[in-house]
Amino acid sequence: MLLDPFKASPAYNLMLRALGAIIGSGVVLNHPQISEPELLTIGNGVRVGYHANLRCHHFACNGIFMLGPVNIHDGARLGPKATVGPYCVLKNNSMLDALSIIHTGKEIPERSVWTGSPASPCKAEHADKPSAKGASSLGQSSSDQFLPVEETTPQRVFTDCG
């Protein structure tokens, strides 16, 4: 694609805006695969992992072509090679894990982590025990665990997606 040399640079965001995408401030796009940028809305402080797919189209198995917007709200995170389909919404401070897929029309709620293919909610907890280096417990409530990186201190999160 014509924009490939500019991926993972501030110029890429500007070029996507010129093509009709709505992109907030502080957005980091790390070599994503984007189709139909005119249907893409990305909020402030969003991080999109390496080779994540933001697909605004879908061919259904019955041959129907579907075209719809993708909305990623403030502070959301997409892991490397995650895929988002048309009519999907990632709410504020939500996360789609690496290699995970949310299919057409799905919505990831605020402050939640989804993983898998197809993606499903993942239970996340802070570590209550000190690390091997003797660090103390984080002592933060679970409601603070998905705030944007700029607003929190580094923390360890363990997931149980059973």
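Residues numbered from 1 in each chain as written. Predicted model: local features only at pLDDT ≥ 70, side-chain atom pairs only at ≥ 80, totals over all residues. Heavy atoms only, no water.

Undergrad: Can you tell me about the overall build of the chain, naming the residues and giving the values?
TA: When helices and strands are counted, the chain shows one helix and 18 strands. Looking at the chain as a whole, 36% of its 162 residues are labelled buried. Counted over contacts in the chain with a minimum sequence separation of 6, partners at least 24 positions apart contribute 28%. Put simply, the chain shows about 8,900 Å² of open surface, and 58% of that area lies on carbon and sulfur atoms. (Helix = DSSP H or I, 4+ residues; strand = E, 2+ residues; numbered from the N terminus. Buried < 20%, exposed > 50% of the residue type's maximum accessible area, 1.4 Å probe, protein only. Contact = heavy atoms within 4.5 Å. Areas by Shrake-Rupley, 256 points an atom, 1.4 Å probe, with all protein chains shown as cover.)

Undergrad: Tell me about the sheet that holds strand E3 (residues 33–34), and name the residues and values.
TA: In spatial order, the strands read E3-E6-E11-E14; together these four strands make up an open sheet with parallel pairing. In this open sheet, the two edge strands, each paired with only one partner strand, are E3 and strand E14 (101–102). Where strand E11 (residues 83–84) meets E14, two bridges bridge the pair, whose relative direction is parallel. What sits directly across from Thr-83, in E14, is Ile-101. (Pairing = 2+ DSSP bridges.)

Undergrad: I'd love a proper account of the sheet that holds strand E15 (residues 107–108), names of residues and values included.
TA: In space, the five strands of this open sheet follow the order E1-E4-E9-E12-E15, with parallel pairing throughout. Of all the strands in the sheet, the pair left with one neighbour each is strand E1 (22–23) and E15. Direction of pairing for E1 relative to strand E4 (residues 40–42): parallel, over a ladder of two bridges. Bridge pairing in E4 links Ile-23 to Ile-42.

Undergrad: How would you explain a nonpolar patch on the surface if you had to name every residue and give the values?
TA: Residues Phe-59, Phe-65 and Leu-67 make up a contiguous nonpolar surface patch of roughly 320 Å² in combined accessible area. Inspection of the secondary structure assignment puts Phe-65 in strand E8 (residues 65–67). Classification of Phe-65 as partly exposed rests on a relative accessible area of 44%. (Patch = residues over 30% accessible without salt bridge, like charges linked within 9 Å, V, L, I, M, F, W, Y side chains within 5 Å. Salt bridge = Lys/Arg side-chain N within 4 Å of Asp/Glu carboxyl O.)

Undergrad: I'd like to hear about the environment of Gly-68, residue by residue, with values.
TA: Among the structural elements, Gly-68 can be located in the loop between E8 and strand E9 (70–72). Considered as a pair, Gly-68 and His-58 are 10 residues apart in the sequence and their alpha carbons are 8.7 Å apart.

Undergrad: Before we move on, could you go through the confidence of the model for the chain and cite the residues and values that matter?
TA: Averaged over all residues, the pLDDT of the chain is 81; the fraction at 70 or higher stands at 75%. Here residues 125–158 is a poorly scored stretch, pLDDT under 50, and it has 44 contacts once near neighbours within four places are set aside; other chains count. (pLDDT = per-residue confidence, 0-100.)

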